[in-house]
Amino acid sequence: MVMDNSYEPCDFVLFGTLGDLSRRKLLPSLYQLEKANLMHPETTIVGVARHDMSLEDYIEEVHTNLVKFGEKELCEATWERMRARLHYACVDMKNVDSYCVLDDHVDPSRTMVCYLATPPAIYGDICRGLHSCKIIDSSVRVVLEKPIGHDLESSKVINEQVAEYFDEKQIYRIDHYLGKETVLNLVSLRFANSIFATNWDHNCIDHVQISVAESVGIEGRWGYFDDAGQMRDMVQNHLLQILSLVAMEPPTTLDADSIRDEKLKVLKALRPINATNISESIVRGQYTSGFVKGEEVPGYLEEDDANTQSKTETFVAIKAEIDNWRWAGVPFYLRTGKRMPNKVSEVVIYFKRQPHNLFGDSFKNLPPNKLVIRLQPDEGVEITVMNKVPGLTNSGSMDLQKSKLNLSFSEAFADERIPDAYEKLLLEVMLGNQALFVRRDEIEQAWTWVDSILDAWKSSNEPPEPYQAGTWGPVDSIGLLARENRSWYESKTVKKK
Ligand code: BG6
């Protein structure tokens, strides 16, 4: 794709440029945008950190990280172009006086994008610092990483601090799942295909499953994770965003606010889960030692730096219900956990069974049609249908077989590289399109729902159920569906890449 004139050059200021997220994700994503010729030729990248270093050292640092976390062999021409954009500014982010150094690196007549890849606790300091050196005007965009808060109250504090200096139209809250190709594809699948558009409600759908399983554990982040748990780390953001896209009404347009208005309505319609209904709605678990992909791994309480008394959950399964006309009586089962057998994220739509079985001779219970949307890995879409087995019989009955219609992105779009979510999101910020970013009211509504669950857990003080690493979670998670004659979809199609 070649840039058109609607894309203005900008100064992309990366606060926390030496941190993990910048090194692993943001700088490699900027490199990929460079490689795809999607960076405006006049855009600059200004790395900001507390560390006093020369531009040469910063360039060296960026190069090392690109090789380590991005492409092993950098394309020389791409790197030369990227390198020419780099600036470095040493800023003590808690000290308002130290921000004036940015004047030497940014041009006030251009758009400035401030990406805060720092702990949220200093978002307020950074906004104040930018304000003090009179760098903020209506063209400045600010990008906020999760977690935005620990609960509703603390998220409001962070949002308020930022809102003191920036209008909502200038704020881009990241949920990196919204940048994933297949999550974006949920919108096109639903609204560009009439077969789904007309069958997408309680009349045709029995239930929906959303699973985001990871084989990794805590990855050296015990302190952060123990404070958050799987509910705050994954459900409050990624799973609720996916659920909103699956369940929302058709937006009027693809404009940021049309989509976000519809997602918000879903979040508002989620039936509260609290002390009265938590036991039938949620299972929480914590992994013990076990084997993942043949390798022995420690339990959560045996990880480095662990507090051996911790009651933090590393797994959650939820039966969520959406109290609106479209979804009345259709459960949305959510499941997410660490140290599960595979990394797999998928949405599975179970359609209702046929009201009458004409094929009882070959299938006592006709299985329901399923639409499986594989978010990662082996991205794609699969539909199970019943087919007649070809051939002649003398019994007068028809032999049926369950078959799969499989659209695998890697086969269908073999020449296309699937971009990392951050590439898409960084590009959208530079283009000034907020559609893939989360609005303040969405975040706060999601916290309202999650807080009520967290409060119920807190008052019950019960420990999570143990599950062995390398399994699909506690046995009770199977029971959550089994008592309604349903079972979790176990992905069997994961291909080795
Ligand atoms: C992050 C969580 O938001 O998402 C991590 O903090 C999790 O705990 C990660 O591992 C999963 O993202 P992805 O893109 O690897 O599925």
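All figures in this text were calculated on a predicted structure; none of them were measured in a lab.

A. Broad picture of the overall build of the chain. Counting secondary structure elements, the chain contains 14 helices and 17 strands. Since a compact globule built from 497 residues should have a radius of gyration of about 23 Å, the 24 Å found for the chain is in line with a globular shape. Over its C-alpha atoms, taken along the principal directions, the chain stretches across nearly 85 × 55 × 45 Å. The buried share of the chain, taken over its 497 residues, is 54%.

B. Quick look at the sheet that holds strand E1 (residues 10–15). The strand order E3-E2-E1-E4-E5-E6 describes an open sheet built from six strands, whose pairing is parallel. Pairing within the sheet leaves two strands with one partner each, and these edge strands are strand E3 (86–90) and strand E6 (171–173). Taking each pair of neighbouring strands and ignoring which way they run, the sheet shows an average axis angle of 20°. Judged from the four bridges that link them, strand E4 (residues 111–116) and strand E5 (residues 141–144) form a sheet pairing that is parallel. For tyrosine 115, the partnering residue across the bridge sits in E5 and is valine 143.

C. Structural detail: the site of the ligand. Around the ligand, the neighbouring residues are Lys146, His176, Tyr177, Lys180, Glu214, Arg221, Asp233, Met234, His238, Lys338, Lys343 and Gln376. Here an oxygen atom of the ligand sits 2.5 Å away from a polar atom, N or O, in the side chain of tyrosine 177. One nitrogen or oxygen atom from the side chain of glutamate 214 is found 2.5 Å from an oxygen atom belonging to the ligand. For the ligand, the accessible surface in isolation is 400 Å², of which the surrounding protein chains cover 79%. Looking at which element gives the most residues to the shell around the ligand, the answer is helix H8 (residues 222–247), with three residues. A class-by-class count of the residues in the shell around the ligand yields two nonpolar, three polar and seven charged.

D. Spatial organisation of the packing of helix H1 (residues 20–35) against helix H12 (residues 421–431). Contact geometry of H1 with H12 gives a least axis separation of 9 Å together with a crossing angle of 70°. By the criterion of interaxial angle, the relationship of H1 to H12 is roughly perpendicular. Both H1 and H12 take part in a crossing whose hand is right-handed. Residues Leu21, Lys25, Leu26, Ser29, Leu30, Gln32 and Leu33 of H1 lie in contact with H12, whose contacting residues are Tyr422, Glu423, Leu426, Leu427 and Met430.

E. Spotlight on the environment of serine 477. Relative to the helices and strands, serine 477 is located in helix H14 (residues 475–482). For the pair serine 477 and glutamate 416, spaced 61 residues apart in the sequence, the C-alpha separation amounts to 38 Å.

F. Region of interest: the nonpolar core. Within the largest apolar cluster, 123 residues are counted, with the highest numbers of intra-cluster contacts made by Phe15, Tyr115, Leu130, Ile318, Phe332 and Trp449. No other element matches the ten residues that H8 contributes to this core. Core analysis: the second largest hydrophobic core is formed by 19 residues, Phe225, Tyr467, Ala469 and Trp488 among them.

G. How the structure looks around the pattern of salt bridges. For the coordinates displayed, the defined rule picks out 37 salt bridges. Linking arginine 173 and glutamate 168 is a salt bridge whose minimum nitrogen-to-oxygen distance equals 2.8 Å. Put simply, Asp206, Arg271, Lys319, Glu321, Asp323, Glu484 and Arg486 are held in one network by salt bridges that share partners.

H. Spatial organisation of H14. Along H14, the residues that are buried comprise Ser477, Leu480 and Leu481. Along the axis of H14, the buried positions cluster into a sector of 85°, meaning they face one direction only. Pointing more than 90 degrees away from the buried face of H14 are the exposed residues Val475 and Ile478. Buried positions along H14 lie against strand E7 (205–213), helix H10 (278–281), strand E8 (282–288), strand E11 (315–320) and strand E12 (332–337).

Basis of the calculations
Residues numbered from 1 in each chain as written. Predicted model: local features only at pLDDT ≥ 70, side-chain atom pairs only at ≥ 80, totals over all residues. Heavy atoms only, no water. Helix = DSSP H or I, 4+ residues; strand = E, 2+ residues; numbered from the N terminus. Rg over C-alpha atoms; globule rule 2.2 N^0.38 Å. Buried < 20%, exposed > 50% of the residue type's maximum accessible area, 1.4 Å probe, protein only. Pairing = 2+ DSSP bridges. Axes fitted to C-alpha atoms, helices over the stretch in contact; angles between N-to-C directions. Near = heavy atom within 4 Å. Polar contact = N/O pair within 3.5 Å; in protein donor to acceptor, adjacent residues only side chain to side chain. Areas by Shrake-Rupley, 256 points an atom, 1.4 Å probe, with all protein chains shown as cover. Nonpolar A, V, L, I, M, F, W, Y, C, P; charged D, E, K, R; others polar. Parallel < 35°, antiparallel > 145°, perpendicular 65-115°, else oblique. Left-handed = near helix turned anticlockwise from the far one by under 90°. Contact = heavy atoms within 4.5 Å. Core = buried A, V, L, I, M, F, W, Y, C linked by side-chain atoms within 4.5 Å. Salt bridge = Lys/Arg side-chain N within 4 Å of Asp/Glu carboxyl O. Arc of directions from axis to C-beta.

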